[in-house]
Amino acid sequence: MMQGPLALIAEVTHRCPLHCVYCSNPLELSRQQEELKTGAWAGVFEQAAAMGTLQLHLTGGEPLARKDIARLAAAGRAAGLYVNLITSGVGMTEQRLDELARAGVEHIQISLQDSRAEEADWIAGTQAHAAKLALAALVRMRKLALTLNIVVHRANLDRIEEMIALAEATGADRLEIAHVQYYGWALANREQLLPTRWQVEQSLTAVEAARERLKGRMQIDCVTPDYYARFPKACMGGWGRKIILIDPAGRALPCHAAGVIPGLSFDNVTAHRLRWIWEESEAFQMFRGEGWMPEPCRSCDRRALDFGGCRCQALLLAGDAAKTDPVCELSPDHAAVQAAIERAQEAIQNSSVGAGQVPDTRSNALELIHLASIQTEWRYRTNPSRN
Amino acid sequence: MGLAREACPRLANGCRLQEGAASGPVLLMPERALRLNPPGLRILQLCDGKRAISEILSALSAEFPGAQAGRLEEDTLGFLERLHATRAIDLE
């Protein structure tokens, strides 16, 4: 029998009080009226557990926007799943947190936009930074596992040490340093978000030092952003291999962004058994295994390591989801990635006011980036339409 | 970096042993899971925050008499160090 998904990502709503410029939700959001009801989600969790799924990620949007979030957590736990809650903290109260802990939430992940409130709040398009830090303290007091996820990009990457120090001060068990991934909302804002190679290299050095210093106290996960890596990431651990994502309306997707791939239809858990969707539906079989691979993947020694990279990125950057991920240096479409990197470098040089010289000190560069950022037109994530 | 023999390991916050899983016993952790073989499971069952590492080692050598003493100790300490580095166990 085919191995089932190890993790189920449940996007229980697309409603969110934040409007982050790099949100991983699709540009086309599910409406509240379409959202699966409590019982339907519970049925999905039971089916997943029966297929060997271990982890449930309750996410959104903002999962706290659902009044039944504690009942959803309880349903996941009752099915035998490990329950992770990924939240901005907006909408959390002590009472609600107690309710969630009693329901069986074991791990709370809070994403931060920056170490500084002002910067964090303009990225999020709302004031949320303080709420997040308050929640971190409450989580620690309840002895739940706490992960902070800091999303990094050109405008904040130079503050990585400050961000690590902030995470340390909250007493988080884990810190994920997540480079913005360029899909959907983030791709629309890529010109402003993509860091330079220099920034990335400096940050990786800082992370390595912190990892050594904090060993056994705070685990730090950080991956080289794929635009600057030689080879692509093993996106989602391979298509239809480890992860299944259910969107608010019940559509099952192999990843957050797969909805952008034209011609691919996604079956709904209200119409089909999860096992059938996983094993037999067209969407999950489309890029599973190696049969779909073109050259240079087909004969590449790394094909079992990175599975050809990300299908959505191939579509977005090379125009065809069945091509090699263009971030790979072996891809015939790699020039698209290099051009984006060059534009990032130029953007920083052009923002150097006056003398026309490249800003060469950290603080100077940071100041200029910040000035450029607040003068830029961002494309903020919207909320689902109401009709 | 070695762990002190007098330290008492316990499962860290948010880490849980699931022994009845369909696919065999697993250690469930934030974002991760570790499938356990019988000795791995036994080591984690002994990580109750009360037993010192030295006591865990003696308990294991009594329970796995076939194991070569030096090897058992080395493997157990290596396993505990990895768990500690990834925040699966904390030391009391």
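Scoring rules and cut-offs
Residues numbered from 1 in each chain as written. Chains lettered and ligands numbered in written order. Predicted model: local features only at pLDDT ≥ 70, side-chain atom pairs only at ≥ 80, totals over all residues. Heavy atoms only, no water. Pairing = 2+ DSSP bridges. Helix = DSSP H or I, 4+ residues; strand = E, 2+ residues; numbered from the N terminus. Contact = heavy atoms within 4.5 Å. Salt bridge = Lys/Arg side-chain N within 4 Å of Asp/Glu carboxyl O. Polar contact = N/O pair within 3.5 Å; in protein donor to acceptor, adjacent residues only side chain to side chain. Nonpolar A, V, L, I, M, F, W, Y, C, P; charged D, E, K, R; others polar. Phe/Tyr/Trp six-rings, centres within 6.5 Å; stacked < 30°, edge-to-face > 60°. Buried < 20%, exposed > 50% of the residue type's maximum accessible area, 1.4 Å probe, protein only. Axes fitted to C-alpha atoms, helices over the stretch in contact; angles between N-to-C directions. pLDDT = per-residue confidence, 0-100. Parallel < 35°, antiparallel > 145°, perpendicular 65-115°, else oblique. Left-handed = near helix turned anticlockwise from the far one by under 90°. Core = buried A, V, L, I, M, F, W, Y, C linked by side-chain atoms within 4.5 Å.

Caption draft 1: Spatial organisation of the pairing of strand β4 (residues 32-35) of chain B. All names here are of chain B. Bridge count between strand β3 (residues 26-29) and β4: four bridges; the pairing is antiparallel. By the bridge assignment, leucine 27 is partnered in β4 with leucine 34. Between β3 and β4, which pair antiparallel and follow one another directly, the connecting turn spans two residues, one of which, glutamate 31, has a positive phi of 65°.

Caption draft 2: Representation of the interface of chain A and chain B in the model. Facing 26 residues of chain A, the contacting portion of chain B comprises 17 residues. We note a salt bridge from Glu106(A) to Arg16(B), for which the minimum N-O separation is 2.5 Å. Inspection of the chain A/chain B interface yields eight residue pairs in polar contact (both at pLDDT 80 or more). Elements supplying a minimum of two residues to the side of chain A that touches chain B: β2 (55-59), β3 (82-87), β4 (107-112) and β6 (174-179) of chain A. Taken together, the residues that form the side of chain A that touches chain B break down as eight nonpolar, nine polar and nine charged.

Caption draft 3: Structural detail: the packing of aromatic side chains. Residues and elements named next belong to chain A. Under the defined criterion, the tally for this structure stands at five aromatic pairs over all chains. With centroids separated by 5.3 Å and ring planes inclined at 65°, the aromatic side chains of tyrosine 182 and tyrosine 227 adopt a geometry described as edge-to-face. Of the two residues, tyrosine 182 is situated in the loop between β6 and α7 (184-188) and tyrosine 227 in the loop between β7 (219-222) and β8 (243-246); the sequence distance between them amounts to 45 residues. For the pair tyrosine 182 and tyrosine 227, one class covers both residues: buried. Ring geometry for tryptophan 239 and phenylalanine 287: centres 5.0 Å apart, planes at 85°, overall edge-to-face.

Caption draft 4: Examining the side chain of Asn25(A) more closely. Looking at the secondary structure, you find Asn25(A) in the loop between β1 (7-11) and α1 (38-50). In this structure, Asn25(A) is in contact with Glu11(A), His14(A), Gly60(A), Gly61(A), Trp185(A) and Arg381(A), ignoring residues within four places of it in sequence.

Caption draft 5: Local environment of the sheet that holds β3(B). Residue and element names in this part refer to chain B. Read from one edge to the other, the open sheet built from three strands follows the order β2-β3-β4, with strand pairing classed as antiparallel. Each edge of the sheet is formed by a strand with only one pairing partner; in this case those strands are β2 (16-18) and β4. Adjacent strand axes in the sheet meet at a mean angle of 25°, parallel and antiparallel pairs treated alike.

Caption draft 6: Geometry of the confidence of the model for chain B. Residues and elements named next belong to chain B. Residues with a pLDDT of 70 or more make up 98% of chain B, whose mean pLDDT is 91. The lowest-confidence element of chain B is β4, averaging 90 in pLDDT; the highest-confidence one is strand β1 (residues 9-11), averaging 96. Complex prediction metrics read pTM 0.90 and ipTM 0.89.

Caption draft 7: Region of the structure containing the pattern of salt bridges. One pass over the full model with this rule turns up 30 salt bridges over all chains. Ionic pairing is found between Glu162(A) and Arg116(A), a salt bridge with its closest N-O pair at 2.8 Å. On the criterion of sequence distance, the pair formed by Glu162(A) in helix α6 (residues 160-170) and Arg116(A) in the loop between β4 and α4 (117-124) is long-range, its members being 46 residues apart. A relative accessible area of 33% places Arg116(A) in the partly exposed class. With its nearest N and O atoms 2.6 Å apart, the salt bridge here joins Asp48(B) to Arg51(B). On the basis of relative accessibility, which here comes to 32%, the residue Arg51(B) falls in the partly exposed class. A single network of salt bridges, built from pairs that share partners, joins Arg15(A), Glu35(A), Arg66(A) and Asp68(A).

Caption draft 8: Up close: the packing of α6(A) against helix α9 (residues 197-213) of chain A. Residues and elements named next belong to chain A. Remark: α6 packs on α9, axes separated minimally by 9 Å, with the N-to-C direction vectors making an angle of 30°. The pairing of α6 with α9 is recorded here as roughly parallel in orientation. Regarding α6 and α9, the two cross each other, and that crossing is right-handed. Here Ile160, Glu161, Ile164 and Glu168 of α6 lie close against α9, whose contacting residues are Ser203, Ala206, Val207, Ala210 and Arg213. In terms of residue class, the contact of α6 with α9 is built from five nonpolar, one polar and three charged.

Caption draft 9: Structural context of the nonpolar core. Leu58(A), Ile164(A), Tyr227(A) and Ile246(A) are the most contacted members of the largest nonpolar core, which totals 112 residues. With six residues, the single largest contributor to this core is α1(A). Ignoring any residue separated from it by four or fewer positions in sequence, one finds Ile246(A) in contact with Leu8(A), Ile9(A), Ala10(A), Glu11(A), Leu36(A), Trp41(A), Val44(A), Arg251(A), Ala252(A), Val269(A) and Leu274(A). Ranked by size, the runner-up nonpolar core spans 22 residues in total, among them Ala12(B), Ile43(B), Leu60(B) and Ala88(B).

Caption draft 10: Quick look at the environment of Arg174(A). One can find Arg174(A) in strand β6. Owing to a relative accessible area of 3%, Arg174(A) belongs among the buried residues under this scheme. Between the C-alpha atom of Arg174(A) and that of Ala49(A), which follows or precedes it by 125 residues, the distance is 26 Å. Those residues in contact with Arg174(A), other than ones at most four positions away along the chain, are His107(A), Leu146(A), Thr147(A), Leu148(A), Met218(A), Gln219(A), Asp221(A), Pro30(B) and Glu31(B). Reaching out from Arg174(A), the side chain makes a polar contact with the side chain of Asp221(A) at a distance of 2.8 Å.

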